[in-house]
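Summary of the model geometry
The residues making up each chain are set out below.
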Amino acid sequence: METFFDTLKIEENICPPGCGVCREKCTQVQRSKGKNGSGIHEFHIPDLGVHMANTCNQCSEPVCLDACPSGSISKDEKDGIVRIDEKRCLGCGLCNLVCPYGGIDYRADEKKAFKCDLCDGSPECVNVCPVKGISLMKARSIVGYFHEDPLLKGSSLCVGCPAETTLRFVLRVMGKDTFLFGAPGCATNVINGQGIKCMINIPSHMSNMTTVPSTMTGVKRYYRRLGKDVKCVAFVGDGCATDVGFQPLSGAAERNENIIFMCYDNEGYMNTGIQRSSTTPYGGWTTTTPAMGRRKGKKMASKNVPLIMAAHEIPYVATAVIGYPEDFLNKLLKAMAVKDGMSYIHILSPCILGWGYSIPASLEVIKAAVETNYFPLWEYERGKYRITYEVKNPKPITEYTKLLKKFAHLEKEEIDELQEIVNRRFNRIKRLTEAF
Amino acid sequence: MSSIDLRGQIRVLDGNRAGAYGVLLCKPDVIASYPITPQTPLLETLYKFEAEGLFDPEMVEPEGENSAMGTLIGACAAGGRTFTATSSQGLSFMNDAYLLAAGNRFPIVMAIGMREQVSPHGVISGQQDAVLVKDHGWIQIYTESCQEILDSIIMAYRLAEDEDVLLPVNVCYEGFYLSHHSQRVEIPRQEEVDAFLAPLKGMNRLKWTLEEPMVFSSYTVPPELYTEYRYKMCMAHQRAKAKFDEIDREFAAKFGRSYGGQIEEYRTEDAEIIIVTMGCSTGTAKVVVDRKRDEGVKVGLVKIRMFRPSPKERLIKVLNGKKAIGVIDRNVCYAWNCGHNYIEIKTVLSDLDRPLPVLLDFIAGLGGADITDKHVEKVVERTIDAAKGKTYEPVTWLSLE
Amino acid sequence: MKRKKHILIGAGTAALCALKQIRRLNREDEIKLVSMEDSLPYSPTALPYIISGKVGVSDTFLVSEGFFKKLKVEFLKNRKVERIYGENKEIVYDKGIREGYDSLLIATGSEPVVPDIPGLYEGEFLTIRGIKDAQALIEKVKEGNSAIILGAGLIGMHIAQCLSEKNMKVKVVESLPSILPAYFDKEASEIIRGIMEGKGIECLTGKKATRIEWKGGKVEVNLSEGGSVEGDLLVVAVGVKPRTEIVDGSGIKIENGGIAVDDRMRTSMDDVYAAGDVASAKAFFTGENGLNPILPNAAEQGRVAGSNMVGVDTVYEGWIPMNTFSYFGHTAISVGMPFSSEKDEVHVRKINGTDTYRKLIFREDRLMGVTFIDTEVNAGVFNYLIRKKVPVGEYKMSLLEFPRETSLYLMQQAEKKETISLEE
């Protein structure tokens, strides 16, 4: 089992020019321990407008440790901190030579290597940064909940598809005692394998598009009769959840079955080659809502399924994205804790091919969707609505649409309409949080 | 003891209630229900049983028939015994999951309170709903009486869950004629049924568990594997036939009632002509057969109980050497302008010794119409005439005459 | 699954890294580490520091006894493997005992090259490869005495510095025209030489030892082009060569004097791997096999071998020359190609009044090699930029002026990209 530890995260390029408060503080702290050096360094390149800081990552498999000729570098098994034993340090500089992340300083004058020791767990730089650019990423807040990944490496999804990352994340949190349900769609091969081969190590079932919530009901109810509480989790696309399989979903919600239903919404029928679904957004291009001749993409707004699910008054409903994993984790944990009814999580999952963006940009697209309030992160928990991630200064919708070819044909009029839909929907949620 | 617990008693019950007692006696783990006439009272009765504490299954009320079957698929995959019932459009709407159940070899038992299909609409008896799905991979048992509904449900579990079979089974009974018509019914005692079903406990069956994870229903199987699945399913259907005869014999030994297994042969031994029936009109036809026998006519009757898989071998045996066969069909095949059993029997003909018997089809009782003794008499007479060499129409729409 | 047995021969960095990697990926398999020596594993890189007295021998052991217990590894000391029988997947120990393996790693390291100089063997000269050698040298250190070192490579210069710090008079004889010739260009080499000579170390470059004469406890080294030097002790440090006698007669392919391996660290024999100084492995820049006996390569090759030994297919990207040399409070670092070719763009920066020297070699918009003297940098970051082929086109001058800041910036940008993208 892998172990994960806390690490420092430094925001990119937000250091005030000339600032070195973190280094000064670190030097001071180190001096009080009788050491000379700093584990963190600011670096300013005014010509390039670069103002950043850098420190050790406390790697899980540190190469510095392997390259030390005197065995003086160790990784603490308890707190994960990579430390140098000063008494044994030769001052040879090899650690500095092999660390690709600039995590170790070498001081020729003192013949010593020096690095961040994370102040043994409560780094002081975090507290002094004037722009709050340094934070201690609490590993346990996410990975502490991780179980073994039940999926083999690799997958048959398109390269870079965030649905795979999302599914792995979900399953690692859910753990092995989970029955997984899929339906024909992009994730099918990952969930159900092909032929007699599969890449998953938990029980999984491929249903028809119309039978996912009901099959889950059957499994859950049968095990309940046997006195066993098992987790039944669905991971299906928007075609299954919000279109042809919506009736059974609504039925299961009304019956309040104790299942966790997740829709990875890529806003269309992507596995069949990009046709519109009920969650395809206003103006969005698909092969059945073309942007040519008399047509300018989809004419109507998407079906607001998470809100409809909340209207079923099941114990828990949430929207989530893999780009905000802490938020996602909290929601998964809440969904898993529900023992008296249904949980529904609606996940925005961009489609590289169907939305038209380059492979590395999935997270950028996800973040833009959240930062523009196109896909607000909220939850409904036993009657209470709550926005779980407040966007301080929502960006205009163009910051999202400009990333995606499926919106490339939109003109001002349509953009304004889309903005209007986004505003209206966000305000509705906002008002729900105030009213309930 | 609850006043509705009639186990071990002899009562007058309609087919739905008789069926419900059959289900009660088999103690399913999960029941899913969605109402549709004429089967609705069967499921309602199960709710009464559950409410009164006669048994303790998980009761699920899905929002439609497809989800009802989906629920059973889940429960059955995990290893449970399941039941539901439907009729007509309900069965059509269930089709998506109905196919899944068979393809996955889930031993689900479902009653079909048979009714005509749209269009035109009609809450009327018929067999069209059930015969339409004849090649969807399910075993289908058709019944003649309320007692037979009850008994067939018990036998259906024995057949479905047998490790040599593992296929879903429909127990079919005509709406209103049986579903709402009361007859004398012996309701077995629970211990008797427990003992009858006991052999299933030792049967091998894959179960979907956390301990031994597996994927159910994998995607895009290679053609050779797909073909193998199909072949194995065909073989299971073939094995089910003799198995059903065995189960019937065992049932007769325990409960004193036999239905003949795949088919019931009524006064066929020295018969020269045979009337083929399926479902509740058999009772009327038997009366006519008796009457004609009294007149010295060598007529017998074959009741198709197991419509799927086809009781081919039994039919060949019983029909060999006969002079003429008259089939009464309460259903239609648009393509061939006849009823479905006519096609079935015609297929069997090629395996009979020469000279082949003359084969006639009589479409009757559609749209909730009665099949009366007069109708059956016409059938017998025309079949005799045809046997004597008189020219005849192969297919007669009897009700239109 | 059946438990496999992995035997690792050698107890240096390569073997240890392979061992750790095997354990990381497989908790069940049997692992056996066979060492010729009777101590815990150590790195020869630490020897000069033992000589200088900076650390004691026991402070340089790479791992403790507990390490093997914890990782469930059997550690055999003082055992020599004589032969490998690939067809039977067996090794034969020094006493004729045979043992089977499922996978075998040869990580026997290197040994000093002793040149064929007339008279050399007539007296007691020293080489530095093991702890015993270091201890022998310590015995001979005597203030005011003089030492002659043959070879101005990293080991030679390092020993020179140690002995000089012990107030010995040191003379270094190097046949090539400059000191540290493998890693630093002429100009850098001269700067380093200046410092060394300032500390009294005499560097006799471009001179070959032609004859050694031993007389009355003294040693005299006759040099090409006439002349000679005299001293109280002689250290031979002209280089190292792979220690390959283990594969003699096994049929395992030898090239460049080392054991030939492919990019999975597999030798020519099934299930036999080699890593570290002993291996002739793929070079990053040329793709051709060659030797590069430095510690970081041993570590990386050990990890790659370990992965492949447990069936996790891992490709070795190839070694990049790199080194760091500290001397009298100064540091010289070289990463990547130390010498430019005609197609390269070279930028050099010196700062007046200091020993600072920076040289950056670019090929189009890629960084190919860097040399830094007395420049505070995180050297590994340059290794990253070179290895990941990070385009640095518009940052060339910035790299020269602000090498540390700019390299960190480029690394962080590249990392950001790497994190977001799933591999293309």
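Residues numbered from 1 in each chain as written. Chains lettered and ligands numbered in written order. Predicted model: local features only at pLDDT ≥ 70, side-chain atom pairs only at ≥ 80, totals over all residues.

With that settled, consider the environment of Gly365(B). Residues and elements named next belong to chain B. Here Gly365 is to be found in the loop between strand 15 (358-363) and helix 13 (373-387). Sequence spacing of Gly365 and Ile153 is 212 residues, and the spatial spacing of their C-alpha atoms is 25 Å. Residue contacts for Gly365: discarding those within four places in its chain leaves Ser281, Arg330, Asp370, Ile371 and Ser399. (Helix = DSSP H or I, 4+ residues; strand = E, 2+ residues; numbered from the N terminus. Contact = placed C-beta atoms within 7 Å.)

Moving on, we get to the sheet that holds strand 7 (residues 103-106) of chain C. Residues and elements named next belong to chain C. The five strands are arranged 3-2-1-7-19 in an open sheet whose pairing can be described as parallel. Bordering the open sheet on either side are strand 3 (73-76) and strand 19 (272-274), each of which pairs with just one other strand. Sheet twist, expressed as the average angle between the axes of neighbouring strands with direction ignored, equals 20 degrees. Relative to strand 2 (residues 30-34), strand 1 (residues 5-9) is paired through five bridges, and the arrangement is parallel. Directly across from His6, in strand 2, lies its bridge partner Ile31. (Pairing = 2+ DSSP bridges. Axes fitted to C-alpha atoms, helices over the stretch in contact; angles between N-to-C directions.)

Another aspect to go through is the arrangement of the chains. For the two pairs of chains in contact, the maximum contact count is reached by chains A and B. As for chain C relative to chain B, no contact occurs, and the smallest C-alpha gap between them is 17 Å.

Residue and element names in this part refer to chain C. Here strand 23 (residues 330-336) lies mainly inside the structure; six of its seven residues are buried. Bridge count for strand 22 (residues 322-327) against strand 23 is six bridges, and the pairing is antiparallel. Looking across to strand 23, one finds that Phe325 is bridged to Ala332. Hairpin connection between strand 22 and strand 23: a loop of two residues separates the two successive antiparallel strands, and Phe328 in this loop has a positive phi of roughly 50 degrees. Summarising the sheet, strand 23 and strand 26 (residues 366-373) pair through five bridges and their orientation is antiparallel. (Buried ≥ 20, exposed ≤ 12 C-beta atoms within 10 Å, placed from the backbone.)

If you want to describe how two helices pack, look at the angle between their axes and the distance between the axes. Residue and element names in this part refer to chain A. The contact between helix 6 (residues 162-174) and helix 12 (residues 325-337) brings their axes to 10 Å, and the two run at 45 degrees. Between helix 6 and helix 12, the crossing angle belongs to the class labelled oblique. Along this stretch, helix 6 crosses helix 12, giving a crossing that reads as right-handed. Residues Phe169, Val170, Val173 and Met174 of helix 6 pack against Pro325, Phe328, Leu329, Leu332 and Met336 of helix 12. Residue classes in the contact of helix 6 with helix 12 are distributed as nine nonpolar, no polar and no charged. (Parallel < 35°, antiparallel > 145°, perpendicular 65-115°, else oblique. Left-handed = near helix turned anticlockwise from the far one by under 90°. Nonpolar A, V, L, I, M, F, W, Y, C, P; charged D, E, K, R; others polar.)

To continue, consider the interface of chain C and chain A. In this assembly, 43 residues from chain C lie in contact with 37 residues from chain A. Grouping the amino acids of the side of chain C that touches chain A by side-chain chemistry returns 21 nonpolar, 16 polar and six charged.

One finds Phe235(A) and Met262(A) to be the most contacted residues of the largest nonpolar core, which totals 213 residues. With 10 residues, helix 7 (residues 146-160) of chain B is the largest single contributor of residues to this core. In contact with Phe235(A), not counting residues within four places along its chain, are Leu167(A), Val170(A), Leu180(A), Gly182(A), Ala187(A), Ile191(A), Met262(A) and Tyr264(A). Listed in part, the 163 residues of the second largest apolar core include Ala108(A), Leu19(C), Val247(C) and Tyr409(C). (Core = buried A, V, L, I, M, F, W, Y, C linked by C-beta atoms within 7 Å.)

Our focus in this paragraph is the domain arrangement of chain B. Residues and elements named next belong to chain B. Under the domain assignment used here, chain B contains domain 1 (10-255) and domain 2 (263-400). For domain 1 and domain 2, the distance between their C-alpha centroids amounts to 28 Å. Listed by partner, the interface residues are 25 residues for domain 1 and 19 residues for domain 2. Among the elements of the structure, helix 6 (128-132), strand 6 (139-142) and helix 9 (223-255) are those that each provide at least two residues to the side of domain 1 that touches domain 2. (Domains from an automatic or database assignment.)

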